[in-house]
Amino acid sequence: MEIVLQNLTKKFPGRGRKNHQEVIAVSDFSFKIPDGMLIGLLGPSGCGKSTTLNLISGLQKPTSGKIFFGADDVTDLQPENRGIGLVFQNYALYPHLTVRQNILFPLENLKGKDKLSKQVMMEKAQEAAKLVQIEELMDRKPGELSGGQQQRVAIARALVKMPRVLLLDEPLSNLDARLRLQTREEIRRIQRETGITTIFVTHDQEEAMSISDMIVVMNAGVVQQIGKPQEVYDNPENLFVAKFLGTPPINVFEGRIEGHKLYIGADAVLDIFAPGKSGEASETDVAPDKRKGPGNGEVYVGVRPEGFSLEETGPLCCVFGGVEVMGRDITVISAHSACQSPKIRAIISADYRKGIERLYSADGFADKSHIRFSLLPEKVFLFDKMTGKRIAFAASMEKGKGN
Amino acid sequence: MGGKKSGHGGAKAWLYLLPALLFLGAFMVYPLFDVFVYSFEEGYHSASQTYFGIGAYNYSYVLHDTYFLQAVKNTLILVVITVPLSTGIALLISVGLSSITPLRNLFQTIYFLPYVTNTLAVGLVFMVLFKKTAYSDGLINLILTWFGGTAVDFIDGPYWAKMFVLCFYTIWVVMPFKILILTSALASVNQQYYNAARVDGTSRFRTFTRITLPMISPMIFYLIITGFIGAFKAYSDVVALFGTNLNAAGMNTIVGYVYDMLYGDSGGYPSYASAAAIILFFIVLTITCVNLIFSKKNIHYT
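Predicted, not measured: the structure shown is a model, and the values here were computed from it.

1. Concerning a nonpolar patch on the surface
Residue and element names in this part refer to chain B. Among the surface-exposed residues, W14, L17, L21, L24, M28, V29 and L32 lie close enough to one another that they form a single nonpolar patch of about 720 Å² accessible area. Assignment of secondary structure puts M28 in helix α1 (residues 2–38). Among the residues examined, M28 registers a relative accessible area of 46% and is labelled partly exposed.

Okay, structure coming up:
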């Protein structure tokens, strides 16, 4: 079922004397969700993602805007008439009913011509249980199940009526790390098997990136970016998206562009050109407000942790802080006065292990308290200081100035 | 370390417990035990502190005393009528209260007022409502006659009228506490269950019977148990309504009978009083046990 959100806005009126200001939870959200997709609604807590989900489910009414399921306008329909399955963050399994009774509950509500015989209901419940692999738990109470099993029961209960749309509110937040990995695969599998358009809400970017067909990044009620997970990661449209996606997070420096060179502190780290004209010099300084490519001025420089490469003669000189070995990768921790956070995290793949070893060896860097990096241009993003919008650029690596 | 010192620590613990244990022993355990002993001492005389022998005569006397049988009958009627009715009405009012938003606090306060009002003051109000005096027939009778009924003397009149007043009064008095407990129980049911039920298209009635009721069943059960015990202990309310000569009014309760046997005009018989008290104890014990057995099947603790 294709879902269309049209200029969806939800405002909560201010309450009381202290916070009389109206809260805009969702602002002008337009999005067309293709049929059969798994969509991750992603954002920090309080960004309006759960409200969006509640609007789609019908538990809350939008202030303005419309919601379509396929060709049907469901904006004014009650939740029970929308044909949705909803899995709550705390699962909301009825604790006094057994797993079977919980799964049967939505079916028993059917009235009139939709009413099912006991036999059919049992079959449907069994089918749903089989899909989420909890058939052997049917006679237990929710309290006797583990978190992961409860989650499955909740999904089975949401699926048993064969909804047109499946909505999951923070489906993995109550599970431990190992179970989370397993369950998210499970959600992916169930979604593929049923082909039901599924929207899930999460604040965990890894979760969203790993299983979604598309992610929607939200902040403060406003959609920041929509796209395939890898595209959004590789091409963040603004500083917020860049900061929000990726673990460890992107390193943000205060930088400036001067004469086609990108400076971080006193270090010229990259040669900068207007986009599409890689290698050529761009037209000289355009007024900052009119420039399309990067002109001179202050910018934020975001560098992904994997965008650093360790080189003895690299242009970016940082204060060496230590090394974290995380199994496959090595994280080099360092500091730079222009960096917004006190620690710069650079992930160095196994190829560079030698380099790290040299750090410790006697013939390594002359000055052991400092470390030098060169930056990979495709992992470096420039952002406007005022708006946080991405500034497109092309670059070539600044060759080291020597030691 | 804990293991080594446990003997020592045990002695210390008892020392710390001693004040509480002393008072509990002196004012609870000993009197309970004493009542039990009294109830088997035949012909005990409180002035001389002597008795003839030991046996079950006190029980036999009490169980053959028409006043006691009347008291048991009154108490049972009171219990059977007021406990289910007050709990049911309190549930209805609580559900109503939790589904309205404007004026909820005002209504909650109004419903809670009887709880903080003095029993005797309430008794006086009921007098005004129900009692026939030289000047008026009471408010209720006034209304009754307006609608073409005949005035009934609720305080000194027929048995059913008196019982009606007593039950009405008891329900009115116990209601606030029940409403208080039930509204907070209703408020503590996680909204997510209702949302889940809504999404699944559950009718309001089914939501109430299949979700709300089981969720608050421990609280309802608590109210029923304490309701039973409270109703069996009824005494002061009856005095407030019908005065101290309850046997004459035919409105005595078991506790009233015990009191009369001790201090009333026909009093001075601690043995009979003790026997009656022990009988009351066993009635309450039986009912509570039945309740507990019933609850095992039907109450859902989460």
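After presenting the structure, the write-up continues.
2. Notes on the side chain of T82 of chain B
Residues and elements named next belong to chain B. With respect to the helices and strands, T82 occurs in helix α3 (residues 66–99). Here the side chain of T82 touches L78 through a polar contact of 2.7 Å, landing on its backbone oxygen. Look past the residues within four positions of T82 in its chain and what remains in contact with it is T87, C167, T170, I171 and A231.

3. Considering the sheet that holds strand β6 (residues 84–87) of chain A
All names here are of chain A. Within the open sheet, the six strands sit side by side as β6-β7-β8-β3-β9-β10. Their pairing is mixed. Strand pairing shows two members of the sheet lacking a second neighbour, β6 and β10 (222–227), which therefore form its edges. Ignoring strand direction, the axes of neighbouring strands in this sheet form an average angle of 15°. Direction of pairing for strand β3 (residues 38–42) relative to strand β8 (residues 197–202): parallel, over a ladder of five bridges. By the bridge assignment for β8, G40 is matched with F200.

4. With respect to the confidence of the model for chain A
A low pLDDT means the predicted coordinates there should not be read in detail. When the pLDDT values of chain A are averaged, the result is 82; 86% of them are 70 or greater. The low-confidence segment residues 277–292 of chain A (pLDDT under 50) makes 13 contacts with residues lying over four places distant or belonging to another chain.

5. Brief notes about the interface of chain A and chain B
In this assembly, 24 residues from chain A lie in contact with 18 residues from chain B. Buried area between chain A and chain B, both sides added, is near 2000 Å², and the carbon and sulfur share of it is 56%. Along the contact surface separating chain A from chain B lie two salt bridges. Ionic pairing is found between R206 of chain B and E108 of chain A, a salt bridge with its closest N-O pair at 3.2 Å. Put simply, chain A and chain B have nine residue pairs in polar contact (both at pLDDT 80 or more) between them. Looking at the side of chain A that touches chain B, the elements that each hand over two or more residues are β6 and α2 (99–108) of chain A.

6. Observations regarding unusual backbone geometry
Residue and element names in this part refer to chain A. In this model, T247 is joined to P248 through a cis peptide bond whose omega is -10°. Within the fold, P248 resides in the loop between α8 (239–244) and β11 (251–258). A positive phi angle is found at D28, which is not glycine, with a value near 50°. Note that D28 resides in strand β2 (residues 23–33). For D28, a relative accessible area of 45% translates into the label partly exposed. Unlike most non-glycine residues, M162 shows phi in positive territory, near 50°. One can find M162 in the loop between α4 (147–159) and β7 (165–169).

7. Considerations on the sheet that holds strand β1 (residues 3–12) of chain A
Residues and elements named next belong to chain A. Pairing is antiparallel across the open sheet formed by four strands, whose spatial order is β2-β1-β4-β5. What marks the edges here is a single partner per strand, and that holds for β2 and β5 (72–73). Pairing of β1 with β2, which is carried by seven bridges, proceeds in the antiparallel orientation. Across the sheet, residue K10 finds its bridge partner in β2, namely V26. Helix α1 (residues 49–57) rests against β1, β2 and β4 (64–69) of the sheet, and its axis sits at about 120° to β1.

8. As for the side chain of R184 of chain A
Residue and element names in this part refer to chain A. Note on placement: R184 falls in helix α5 (residues 177–194). According to the relative accessible area criterion, R184 is buried, its value standing at 10%. Looking at R184, its side chain comes within polar contact range of the side chain of S210, at 3.1 Å. Once you skip the residues sitting within four places of it in the chain, R184 turns out to touch L172, E206, E207, S210 and I211.

9. Description of α1 of chain A
Residues and elements named next belong to chain A. The buried fraction of α1 amounts to eight of the nine residues, a majority that puts the element mostly inside the structure. For α1, the full list of buried residues reads K49, T51, T52, L53, N54, L55, I56 and S57. Of the residues flanking the end of α1, it is G58, one or two places downstream, whose phi is positive at about 95°.

10. Focus on the pattern of salt bridges
Side chains that differ in charge, positive against negative, can pair when their charged atoms come close. All names here are of chain A. Within this structure, the stated rule accounts for 16 salt bridges over all chains. Note that R100 and D139 form a salt bridge whose closest N and O atoms lie 2.6 Å from each other. One end of the pair, R100, is in helix α2; the other, D139, is in the loop between α3 (118–131) and α4, with 39 residues separating them in the sequence. Classification of R100 by relative accessible area gives partly exposed; the value is 22%. For D139, a relative accessible area of 59% gives the class exposed. Where salt bridges share partners, they join R152, E186, R189 and E193 into one cluster.

Conventions adopted
Residues numbered from 1 in each chain as written. Chains lettered and ligands numbered in written order. Predicted model: local features only at pLDDT ≥ 70, side-chain atom pairs only at ≥ 80, totals over all residues. Heavy atoms only, no water. Patch = residues over 30% accessible without salt bridge, like charges linked within 9 Å, V, L, I, M, F, W, Y side chains within 5 Å. Areas by Shrake-Rupley, 256 points an atom, 1.4 Å probe, with all protein chains shown as cover. Salt bridge = Lys/Arg side-chain N within 4 Å of Asp/Glu carboxyl O. Helix = DSSP H or I, 4+ residues; strand = E, 2+ residues; numbered from the N terminus. Buried < 20%, exposed > 50% of the residue type's maximum accessible area, 1.4 Å probe, protein only. Polar contact = N/O pair within 3.5 Å; in protein donor to acceptor, adjacent residues only side chain to side chain. Contact = heavy atoms within 4.5 Å. Pairing = 2+ DSSP bridges. Axes fitted to C-alpha atoms, helices over the stretch in contact; angles between N-to-C directions. pLDDT = per-residue confidence, 0-100. Buried area = accessible area lost by both parts, 1.4 Å probe.

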